[in-house]
Amino acid sequence: MAKLKITTLLAVLGLIFMSSFIACGCNDDDDDDNDSDGRTDDDADDDSADDCRDVIDGFMDNCPDSADSDQLYEVVCEENEDPDCLLWCMDEFDDCQAVIHCYELDECLGADDDLNDDIDDDIDDDADDDVDDDVDDDVDDDDECNPGVYSGNQDTDGWGLVWNAIPAGCFYMGCSDGDDHCDPEENPSHAVNLSAFQMTQSEITQGQYTAVIGSNPSAFAGCSDCPVEMATWHNAAAFCAAIGGSLPTEAQWEYAARAGTTARFVCGDDPACLDGVAWYSDNAGAATHAVMQKTANAYGLFDMLGNVYEWLGDWYGADYYSVSPANNPQGPDSGTGRVMRGGSWVVGDYNLRVSQRVYGAPGGMGDNLGFRCVKGE
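Residues numbered from 1 in each chain as written. Predicted model: local features only at pLDDT ≥ 70, side-chain atom pairs only at ≥ 80, totals over all residues. Heavy atoms only, no water.

Enquirer: Explanation requested: the packing of aromatic side chains in the structure shown.
Expert: With the rule as written, the count across this model stands at 8 aromatic pairs. Measuring from ring centre to ring centre gives 6.2 Å for Tyr 150 and Tyr 299, while their planes differ by 55 degrees; the resulting arrangement is tilted. With Tyr 150 in the loop between helix H6 (113-144) and strand E1 (154-156) and Tyr 299 in the loop between helix H9 (250-258) and strand E6 (309-315), this pair connects stretches of sequence that are 149 residues apart. Both rings, one in Tyr 255 and one in Tyr 299, keep their centres 5.8 Å apart while their planes meet at 55 degrees; by these two values the pair is tilted. (Phe/Tyr/Trp six-rings, centres within 6.5 Å; stacked < 30°, edge-to-face > 60°. Helix = DSSP H or I, 4+ residues; strand = E, 2+ residues; numbered from the N terminus.)

See the structure below:
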């Protein structure tokens, strides 16, 4: 990225330098009263101003985010009798490309050398800053935001629940690269750093829930290894607390679900891969299924997509990704709905995209809604 920007900057400098001298009609015979074609200096100045506007307009076509071309024209080509106007231009347009433009056109129109040297220094500083920014970005991308590698470590607690050790790491949360189906609340994609934690290997089953709570609220009752459903958010939070854990944060859930991948379905970008990892409308037969029948992800977790949606600890905030802290985000401080993730046996592939966010009232329940738990390492 840095090499590309430097090359582009040098090319822009070279092209503008050449075109400005040609377009503005610069020559070394400034003391001559007439041009070689017999025109007066006033005629040449008028043409020079017109040519300068052409140069500016051409530059602005390629740099639409730079300074306004009419303002830049007025400063450089009409008010340039005052050498201070160039410094004003630099202050007014805090933009490396605009400064380059001011420099080249002003040199063409005859600014003094000291002023040009000052602007050269500013251009060099801006270019150095761009390189530094690119290096910082490369460091961030290549060295600082990497997911952890699963060690395979697991613990089994007194209830018989298996907890997978999820490593600390960084990932990009939100809309997956190349996913054209993201909802607005899935943006912006942003880097998140998470501390290590443990997560139950599967969704909490009816058998596990009954063993801890003493009852089974599920609509699909009679399947001890199927995920418990028809549990409210409060029921789910109470269960996790009873076994020494909590509901996952939204960031913990997506990090664990992605398990180091960046594809929109975790298993890949083609929805055809979902049959191997998830129970959903195409293969579930309108019912839940026993957990751990599909392929686990790279963190050894089963059914992160499909079977039942999973309650999470966070309040839902549609714009939360714009203000989310980078380290261990906990979600908004308040709200009206709690986040649910992962899709279920009811929905199609669109709803199994790993970045999709939905929510529900904490007192709500459904036969396609369950949960899993996390706890500190």
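Enquirer: I would appreciate a short explanation of the nonpolar core in the present structure.
Expert: The nonpolar side chains of soluble globular proteins are, as a tendency, buried together. Among the nonpolar cores identified, the biggest contains 52 residues, and Phe 197, Met 199, Ile 204, Phe 239, Trp 311, Phe 371 and Cys 373 are the most heavily contacted of them. Counting residues per element, this core draws most heavily on H9, which supplies 5 residues. Once residues lying within four places of it in the same chain are set aside, the contact partners of Cys 373 are Trp 163, Gln 198, Met 199, Thr 200, Ile 204, Phe 239, Cys 240, Ile 243, Ser 246 and Pro 248. (Core = buried A, V, L, I, M, F, W, Y, C linked by side-chain atoms within 4.5 Å. Buried < 20%, exposed > 50% of the residue type's maximum accessible area, 1.4 Å probe, protein only. Contact = heavy atoms within 4.5 Å.)

Enquirer: What am I meant to see in H9 here?
Expert: An α-helical turn contains 3.6 residues, so any two residues separated by three or four positions project in the same direction. H9 sits mainly inside the fold: 9 of its 9 residues count as buried. Among all positions of H9, only Glu 250, Ala 251, Gln 252, Trp 253, Glu 254, Tyr 255, Ala 256, Ala 257 and Arg 258 are buried. Count one or two residues on from H9 and you reach Ala 259, which has phi positive near 50 degrees.

Enquirer: Help me understand the pairing of strand E3 (residues 169-173) in this model?
Expert: Consecutive residues of a regular strand have side chains that alternate between opposite faces of the sheet. With 4 of its 5 residues buried, E3 lies for the most part within the structure. Examined bridge by bridge, E3 and strand E4 (residues 190-194) share 5 bridges and lie antiparallel to one another. Each residue of the ladder has a partner; that of Tyr 172, found in E4, is Ala 191. (Pairing = 2+ DSSP bridges.)

Enquirer: Looking at this structure, how should I read the packing of helix H7 (residues 206-213) against helix H8 (residues 233-242)?
Expert: When two helices pack together, their arrangement is given by the angle between their axes and by how far apart the axes lie. Running from N to C, H7 and H8 point in directions that differ by 70 degrees, and their axes come no closer than 10 Å. When the axis of H7 is compared with that of H8, the two are roughly perpendicular. Contacts from Gln 208, Tyr 209, Val 212 and Ile 213 of H7 reach H8 at Asn 235, Phe 239 and Ala 242. Per-class residue counts for the contact of H7 with H8 are 5 nonpolar, 2 polar and no charged. (Axes fitted to C-alpha atoms, helices over the stretch in contact; angles between N-to-C directions. Parallel < 35°, antiparallel > 145°, perpendicular 65-115°, else oblique. Nonpolar A, V, L, I, M, F, W, Y, C, P; charged D, E, K, R; others polar.)

Enquirer: It is not clear to me how H8 should be interpreted in this structure. Could you clarify?
Expert: Burial in H8 covers these residues: Trp 233, Ala 236, Phe 239 and Cys 240. Buried residues of H8 fall within an arc of 130 degrees about the axis and therefore sit on the same side. Packing partners of the buried residues in H8 comprise H7, E6 and strand E7 (338-341). After H8 finishes, the residue Gly 244 shows a positive phi value of roughly 85 degrees. (Arc of directions from axis to C-beta.)

Enquirer: Help me out: how do you make sense of the pattern of salt bridges in this one?
Expert: Opposite charge on two side chains allows them to pair when their charged atoms are near. Scanning the model with the defined rule gives 10 salt bridges in all. In this structure, Arg 341 engages Glu 250 in a salt bridge whose closest nitrogen and oxygen atoms are separated by 3.1 Å. Of this pair, Arg 341 sits in strand E7 while Glu 250 sits in helix H9; the two residues are 91 residues apart in sequence, bridging distant segments of the chain. Residue Glu 250 is classed as buried on the basis of its relative accessible area, which comes to 1%. Here Arg 357 and Glu 250 are joined by a salt bridge, their closest N and O atoms 2.7 Å apart. A residue pair is termed long-range when its members are at least 10 positions apart, and Arg 357 in the loop between E7 and strand E8 (358-360) and Glu 250 in helix H9 qualify at 107 residues. Summarising the burial analysis for this pair, Arg 357 and Glu 250 share the class buried. (Salt bridge = Lys/Arg side-chain N within 4 Å of Asp/Glu carboxyl O.)

Enquirer: Looking at this structure, how should I read unusual backbone geometry?
Expert: Residue Asn 187 is joined to Pro 188 through a cis peptide bond whose omega torsion reads -5 degrees. Positionally, Pro 188 belongs in the loop between E3 and E4. Phi is positive for Met 230, close to 60 degrees, though the residue is something other than glycine. Looking at Met 230, the relative accessible area reads 24%, which means it is partly exposed. Positive phi, normally seen in glycine, also occurs at Ala 259, with a value near 50 degrees. With respect to the helices and strands, the residue Ala 259 is situated in the loop between H9 and E6.

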